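The lines below spell out each chain.
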Amino acid sequence: MHAFRAAVEAGDIDAVEALLAEDVVFTSPVVFKPYPGKAITAAILRAVSQVFENFRYVREIGDPAAPDHALVFTARVGDRELTGCDFLHVNEDGLIDELMVMVRPLSGAHALAEAMGARFDEIVKEAEARSA
């Protein structure tokens, strides 16, 4: 099991953050522009851990020794069920330098966008405080 999966399943966002490279790039399922940097990525992951309900990984794809991993999950946002996948790339130091999330169906993506959008000012403030 990938360490990221273990940390997420344990609800240990500090451990998740420790697995992120300083130059990690987070690609959101609902926003076109990627978010570069550990502080903003950690803040987004902290918020999404509060937005997702009944989150669980259902499958892990890829060789544990390879740099690329896919973690398929299910969750609920409000009354919308969704399925998604976390695509991870791990750098030479074993830290995640790319994290791209995809979700379906469209109604689930809309619910996620709305819930995260409502928290985005807080997410940015947290990221700025961690960067300072």
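As a convention, each chain's residues are numbered from 1 in the sequence order in which they are written. Local features in this predicted model are restricted to residues whose pLDDT is 70 or higher, and side-chain atom pairs enter the listing and the counts only when it is 80 or higher, whereas totals over whole chains, interfaces and linings include all residues. Side-chain figures throughout are based on the complete set of non-hydrogen atoms in the structure, without hydrogens or water.

Novice: Explain the packing of aromatic side chains here, please?
Specialist: The geometry of an aromatic ring pair is captured by the separation of the ring centres together with the interplanar angle, meaning the angle of the planes. We call Phe, Tyr and Trp rings a pair once their centres come within 6.5 Å, taking the six-membered ring for Trp, and we label the pair stacked below 30 degrees between planes, edge-to-face above 60, and tilted otherwise. In total, this model carries six aromatic pairs according to the counting rule given. Ring geometry for F52 versus F55: centroids 5.6 Å apart, planes at 15 degrees, classification stacked. Here F55 falls in the partly exposed class, since its relative accessible area comes to 27%. The cut-offs for exposure are 20% and 50% of the maximum accessible area for each residue type, with area from a 1.4 Å probe on protein chains only; residues under the lower value are buried, those over the upper are exposed, and the others partly exposed.

Novice: Explain the layout of surface pockets to me, please; I cannot follow it from the model alone.
Specialist: Empty pockets left among the atoms are what a rolling probe the size of a water molecule brings to light. Put plainly, a pocket is an open set of points on a 1 Å grid over the protein atoms alone with protein on both sides within 12 Å along at least five of seven lines, a cavity is a set where a 1.4 Å probe fits but cannot get out, and a lining residue has an atom within 4 Å of a point. Grid points are joined across faces, edges and corners, and a volume is the space filled by probe spheres set on the points. What the largest pocket holds in volume is close to 490 Å³. What lines the largest pocket is a set of 28 residues, among which I44, L45, V48, S49 and F52 lie closest to the centre. Put simply, the parts of the chain that give the lining of the largest pocket at least two residues each are α1 (3–9), α2 (13–18), α3 (38–51), β3 (53–61) and α4 (106–131). Numbering of helices and strands starts at the N terminus; helices are DSSP runs of H or I of at least 4 residues and strands are runs of E of at least 2. It is α4 that provides the largest number of residues to the lining of the largest pocket, a total of five residues.

Novice: So what exactly am I meant to see when it comes to the sheet that holds strand β1 (residues 20–27) here?
Specialist: Adjacent strands of a sheet pair through backbone hydrogen bonds, lying either parallel or antiparallel. Strands qualify as paired when DSSP identifies two bridges or more between them. With mixed pairing, the six strands of this open sheet are ordered in space as β2-β1-β6-β5-β4-β3. The two strands at the open ends of the sheet, each matched to only one other strand, are β2 (35–36) and β3. As paired elements, strand β5 (residues 80–90) and strand β6 (residues 96–104) share eight bridges and run antiparallel to each other. Within the sheet, the bridge partner assigned to D86 lies in β6 and is V101. Residues count as neighbours in contact if any of their non-hydrogen atoms are within 4.5 Å of one another. Simply put, an axis is a line fit to the C-alpha atoms, just over the touching stretch for a helix, and the angle between two N-to-C directions goes from 0 to 180 degrees. Of the strands in this sheet, β1, β2, β3, β4 (68–77) and β6 touch α3, which is tilted by about 55 degrees from β1. Against the sheet, α4 touches β2, β4, β5 and β6, its axis set at about 75 degrees to β5.

Novice: Before we go on, may I ask you to explain the pattern of salt bridges in this structure?
Specialist: Pairing between side chains of opposite charge can happen when their charged atoms approach one another. Between Lys or Arg on one side and Asp or Glu on the other, a salt bridge is scored when a side-chain nitrogen of the former is within 4 Å of a carboxyl oxygen of the latter. In this structure the tally under the stated criterion is ten salt bridges. Measuring nitrogen to oxygen at the nearest pair gives 2.8 Å for the salt bridge that ties R46 to E126. Of this pair, R46 sits in helix α3 while E126 sits in helix α4; the two residues are 80 residues apart in sequence, bridging distant segments of the chain. Exposure remark for E126: the relative accessible area of 23% places this residue in the partly exposed category. Between D79 and R80 there is a salt bridge; the shortest N-O distance is 3.7 Å.

Novice: I keep staring at the environment of V16 and nothing clicks. Help me out?
Specialist: The residue V16 is located in helix α2 in this model. Spatially, the C-alpha atoms of V16 and D121 are 22 Å apart, while their sequence positions differ by 105 residues. Every residue in contact with V16, bar those within four places of it in the chain, is listed here: F4, A7, V8 and L45.

Novice: Would you explain the pairing of β4 in this entry?
Specialist: Of all the ten residues making up β4, seven are buried; the element is thus mostly covered by neighbouring parts of the structure. Sheet topology note: the β3/β4 ladder contains six bridges and is antiparallel. Within β4, the residue paired with R56 across the bridge is T74. Between β3 and β4, which pair antiparallel in sequence order, lie six residues; one of them, G62, sits at a positive phi of approximately 125 degrees. With ten bridges connecting them, β4 and β5 associate as antiparallel partners. Residue pairing for β5: A70 is matched across the bridge by F87. Between β4 and β5, which pair antiparallel and follow one another directly, the connecting turn spans two residues, one of which, G78, has a positive phi of 60 degrees.

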